[in-house]
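Listed below, chain by chain, are the residues.
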Amino acid sequence: MGTKHPERLERALAALEIPHEVTVYPDAGHRFMTQTSGASAVLARFARMPYREAYAADAWRRIYGFFGEHLGV
């Protein structure tokens, strides 16, 4: 089986010497940071892409930390 996308991204960024931190959250879909309600929330759950509060909190912490370190914000 071929290389996974996160691994390819990690290698490419490292080869280009671009500061990065690639994190994969198990069982999290693309919408794991998006809070929805009503039909949108039901559809997200059905599509196996629900909001994941713990993952979202960790991701925001990492994003802000990365920006603080590399952009001085």
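Here's a quick rundown of the structure. Computed from a predicted structure; not experimentally measured.

The rules behind the values
Residues numbered from 1 in each chain as written. Predicted model: local features only at pLDDT ≥ 70, side-chain atom pairs only at ≥ 80, totals over all residues. Heavy atoms only, no water. Salt bridge = Lys/Arg side-chain N within 4 Å of Asp/Glu carboxyl O. Helix = DSSP H or I, 4+ residues; strand = E, 2+ residues; numbered from the N terminus. Buried < 20%, exposed > 50% of the residue type's maximum accessible area, 1.4 Å probe, protein only.

1. Quick look at the pattern of salt bridges
In total, this model carries three salt bridges according to the counting rule given. The closest approach of N and O atoms between Arg 62 and Glu 21, which form a salt bridge, is 2.0 Å. Taken together, the positions of Arg 62 in helix α3 (residues 53-71) and Glu 21 in the loop between α1 (5-15) and α2 (38-46) put the pair 41 residues apart, joining distant regions of the chain. The residue Arg 61 makes a salt bridge to Asp 58 at a minimum N-O spacing of 2.6 Å. Within this pair, Arg 61 and its partner Asp 58 are both found in helix α3, separated by three residues, close to a single helical turn. By relative accessible area, Asp 58 is classed as buried at 19%. Because the salt bridges share partners, they merge into one network encompassing Glu 21, Asp 58, Arg 61 and Arg 62.

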